[in-house]
Structures are given as C-alpha cells and as structure tokens.
Amino acid sequence: MKLSLQIKIGLNDCDACLRIGKKEYKLLTREYSEWIPLKFRAGLGINVHGMCRFLLLETSPHLKLYMGPINIAPDRPVLPISHPVTYSMYLSKTQGKFCTLGLAEDTWALNEGVLDEKDFLKQAFLVHEERKKMFFDALDQTRQGLIVCVFDITDRIQHMFWRYLEEDHPANTVKDTKEHRDEIRNLYRRMDTLLGQTLEKIDDETLVIVMSDHGFNSFRRGVNLNTWLYQNGYLTMNKSPHGKEWFHDVDWEKTRAYAVGLGGIYLNLAGRESQGVVPSCDTQKLKKELCSKLKGLRDDQTGELAIREVYDTHKVYSGPYVADGPDLVVGFSTGYRASWLSVTGGVTDQVLENNLKSWSGDHCINPPEVPGILFCNSKIDRTHIEITDIAPTVLDLFGVPIPKWMDGNPFLCNRKTENDEN
C-alpha cells in the first residue's frame, strides 16, 4: 500500500485536517481520531481492508502525527477473526469498529517516548470500552450458555505503570514519578465497578468466575541468558559480543546451548537443530549442569538472587507438544526477567543490566512469585485452584463428560449441572 497523507493546519473547527484518498478527517491535538479505514492493494482486483487511529501530537513548532497500529477491519476482514466469521461484522455494524489486534495498545510507542503516559492511557481505555461494550451486548443477548471475555487492560497498565509503585525503579530515570502513581489502584477500582455491574445483570443461577492467568511484579533488572551462556562456555561466537540480534556471529559448531524468548533455553541438539552438536546421550547431563549453575545466580550489583529456579520442561510438562518447547525454563526472582536483547538472541558484554523502559512490571518470572487470582460467586470445594481446573469445571457444569486426557478437576460445591436439571 502507498499511503498518501495530506494535512492542513490552521483551520477554524479543528487543529488539522487529514486527507486520505478522497476523504478528510478532522483532528484535534492530543485527541485520538475515529477508526479511519485504509485500503491495501494486494493484487490485481484484490483489496485488503484495515483501519487505524491517528493522534495529532502537535502542530507547532513542528507537525507531529502519530499513526497507531493497523488493525484488520472487522466489517470486511481479510481472514476470519471471529467464529462464526459474520460475528465480527455483526459487532461492527451494531457497535461500531473495534480493535482486532491481539495486543492493540502500543506499548512500544510509550517505551520509545512517542506517546506519553496520558496518550497511552487514552488508547488503552478506548480499547477497554470497546471490549466492555461487546461483553454487555453478549450478556444481554445470551439467555443460556457460556460467555467468556478477556479484559486485558489490567495487564497493559501494570506492565507500563509499575514503576510508579517504586520510587527507586531504574525506569524512573528522567521520567515523571508523581502524576500517575495511582493509575493501577484506580484501574482496579474501575474493574470492581465492572464486576458489580455484571453481578447486577445476572440471576442467582448464573455462575460468574473472574480469574487471571498470572499476577504481576517488578521488572527492575534484565538477565541476558545468552551472555551468561557465552561467558560460561556453552555458547561460542566468532567475534566478541556486539549486541546484534538473532544470534549474529554465533559459531553453532561449538555452541551447546542458546536462549531465546522469555526465559527459554534450548540445547543445540544433533538431529534437531540444523547445526546441532549435542548428542542425545548427553542431554540429561547438560541439562543438569545448566540447572545447577544457573539456579541461585546472584546479581553482583545488588546482592540479590536473580534466578530462583530452573525447570526441566520434560519433568514439569506432559503431552504431545513438550518437544516443541524449550528444554529448560528459567524462573527469575522478583525484580528480574530476561533482558530485552536476550529475548531476541542478542549477546552483550553484561549478564545483568538495568531495565530503563516504561515496561517496568512483568510476570515472566518464577511462577510462584506471580500467582493469579480467582473469584467465584459460588462455593468452591478447596483452597488451591489452578488454571487447568477451569475447563473441567465448566464442562461439568454443563453436564459434558470430562475427557480423560484433560488436566484439572471441577471445583464447585453441590452445583446443579445441565444433566441434573434434565
């Protein structure tokens, strides 16, 4: 697509006018535009439809215009984004256009200073209000059945505003530390209100489960696992570490282990990796060696424990897809996470470094450090519940036999099922 923008400023009824194609859109400074349709030419006679929001940042002394992430147009999706495929069209026609990206809030624009905290909050709450509108529409339209809605604003705001909870957080360097210190608390108050509105709309026979797949904690320091592997002889490079991504200059013929993603370590196994060198007979020995050396890794700068646990995935997971995941998963201590460059296969000269980004809270650490929560308006039969218990509970409630291969167990006390009523 060639996107041609024409902008006029100094108008009477708006701060600028944006022209795309033959249509014009009025813009006000620091106010997000409506969803603006975009059309991409994908081939002869083929058009792909998307949309985005614009934010006029300033007109003087320089024109600054932010273009948000491009979303698939829900009324004309290029591929199915709902089931049935017409559901996104129904929502678009009845409620207006809505974001369709998995992570619609532009966290990196805040990280890089393109948006400020106020701009990001406006964007996040625009997404939240769309989600809330869909949820209550489903609640009104559904007489019997199951409604599931994910409200992810709690995740996004805790990621980006956690630093306000810690005055000495490294990310507070040359950033505001006062104005938004109550954003997380205020958000949870809003979520409490949303829950109250939901409970007012249902009857005594309707079950409500509110659950999170994880909790949150501080992300103050990043651990570059690839640098540690390099310094300890498990990863070899043709040149000194230079910080380039995607394992640039790694000597795979001499490398036994590498890290990619948020805490995953892979062995360079012969017969699995394209340039694997570790024979299968050495797998367990190498895993044990890495676990022993990494567990208990301390931060020389703070004296704190950076890595609390290292998990052998073949011991903690089961099922047909275990082999597709990493061989080891690192459980970081509170305040630590895989460094930004380690995630994308970069090697630097420092194992640990300060996290200076606005993304200052995280949950990709040792699971016991970030437990999720569960709220239920029906009595439950035990104190310890896991996320895998949700699916069998719902199946049992509807009188559907629980497959033998499914993990977890129902947790409701004396709840009538559909079979009981029939």
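Treat the numbers as computed from the prediction; the structure is a model and nothing was measured.

Engineer: Looking at this structure, I do not really get the sheet that holds strand 12 (residues 264–267). What am I missing?
Structural biologist: Note on sheets: strands pair through backbone hydrogen bonds, and any given pair is parallel or antiparallel. On the basis of which strands lie adjacent, the open sheet formed by four strands has the order 11-12-14-13 and antiparallel pairing. Because the sheet does not close on itself, it has two edges, and the strands there are strand 11 (257–260) and strand 13 (307–312). Mean inter-strand twist for the sheet, computed between neighbouring axes without regard to direction, equals 25°. With four bridges connecting them, strand 11 and strand 12 associate as antiparallel partners. When the bridges of strand 12 are listed, Y258 appears paired with Y266. The strands touched by helix 7 (residues 283–294) are strand 11, strand 12, strand 13 and strand 14 (328–332); relative to strand 12, the strand with the most contacts, the crossing angle is about 145°.

Engineer: Explain the pattern of salt bridges here, please?
Structural biologist: Between side chains of opposite charge, pairing is possible as soon as their charged atoms come close. Taken as a whole, this structure holds 29 salt bridges when the rule is applied. Measuring nitrogen to oxygen at the nearest pair gives 3.2 Å for the salt bridge that ties K118 to E179. Of this pair, K118 sits in helix 3 (residues 117–141) while E179 is found in the loop between helix 4 (153–161) and helix 5 (183–201), placing the two residues 61 residues apart along the sequence. Here R190 makes a salt bridge to E129, at a shortest N to O gap of 3.6 Å. Linking R190 in helix 5 with E129 in helix 3, this pair joins segments that are 61 residues apart in sequence. For R190, a relative accessible area of 41% puts it in the partly exposed group. Linked by salt bridges that have partners in common, E105, R131, D152, D155 and R156 make up one network.

Engineer: What am I meant to see in helix 5 here?
Structural biologist: Given 3.6 residues per helical turn, the α-helix brings residues three or four places apart onto the same face. With 19 residues, helix 5 should cover 27 Å at 1.5 Å per step; its first-to-last C-alpha distance of 27 Å lies within 8% of that length. Buried within helix 5 we find E183, I184, L187, M191, L194 and T198. Projection of helix 5 onto a plane perpendicular to its axis shows the buried side chains occupying an angular sector of 90°, all on one side. Exposed positions of helix 5 whose direction lies more than 90 degrees from the buried face are R185, D192 and E200. Looking at the packing, one finds that the buried side of helix 5 touches helix 3 and helix 4.

Engineer: Even after reading the chapter, I still don't get the packing of helix 4 against helix 5, so can you show me in this structure?
Structural biologist: Helix packing for two helices is described by the angle between their axes and how far apart those axes are. In contact at an axis separation of 10 Å, helix 4 and helix 5 are set at 170° when each is read in the N-to-C sense. When the interaxial angle is binned, helix 4 and helix 5 end up roughly antiparallel. Contact with helix 4, carried on its side by I153, T154, I157, Q158 and F161, involves E183, I184, L187, Y188 and M191 of helix 5 and no other residues of that element. Residue classes in the contact of helix 4 with helix 5 are distributed as seven nonpolar, two polar and one charged.

Engineer: I tried to follow the side chain of D251 on my own but got confused; where do I start?
Structural biologist: You can see D251 is positioned in the loop between helix 6 (225–231) and strand 11. No salt bridge is formed by the buried D251. Its closest oppositely charged neighbour is K254, at 4.2 Å. Once residues within four sequence positions are removed from consideration, D251 is found in contact with T236, M237 and N238.

Engineer: Whenever I open this one, the packing of aromatic side chains confuses me. Can you help?
Structural biologist: Any aromatic ring pair is given by two values, namely how distant the centres are and how the planes are angled relative to each other. Inspection of the entire model under this criterion finds 14 aromatic pairs. Connected via pairs of aromatic rings, a cluster forms that spans W108, F219, W340 and W359. Its guanidinium or amino end placed over the ring of Y164, R163 lies 4.3 Å from that ring's centre, counting from NZ or CZ. In this structure, R337 is placed above the aromatic ring of W340, and the distance from its NZ or CZ to the ring centre is 4.3 Å.

Definitions and limits used
Residues numbered from 1 in each chain as written. Predicted model: local features only at pLDDT ≥ 70, side-chain atom pairs only at ≥ 80, totals over all residues. Heavy atoms only, no water. Pairing = 2+ DSSP bridges. Helix = DSSP H or I, 4+ residues; strand = E, 2+ residues; numbered from the N terminus. Axes fitted to C-alpha atoms, helices over the stretch in contact; angles between N-to-C directions. Contact = heavy atoms within 4.5 Å. Salt bridge = Lys/Arg side-chain N within 4 Å of Asp/Glu carboxyl O. Buried < 20%, exposed > 50% of the residue type's maximum accessible area, 1.4 Å probe, protein only. Expected span 1.5 Å × (residues − 1). Arc of directions from axis to C-beta. Parallel < 35°, antiparallel > 145°, perpendicular 65-115°, else oblique. Nonpolar A, V, L, I, M, F, W, Y, C, P; charged D, E, K, R; others polar. Lys, Arg positive; Asp, Glu negative; His and termini not counted. Phe/Tyr/Trp six-rings, centres within 6.5 Å; stacked < 30°, edge-to-face > 60°. Lys NZ or Arg CZ within 6 Å of the ring centre and 35° of its normal.

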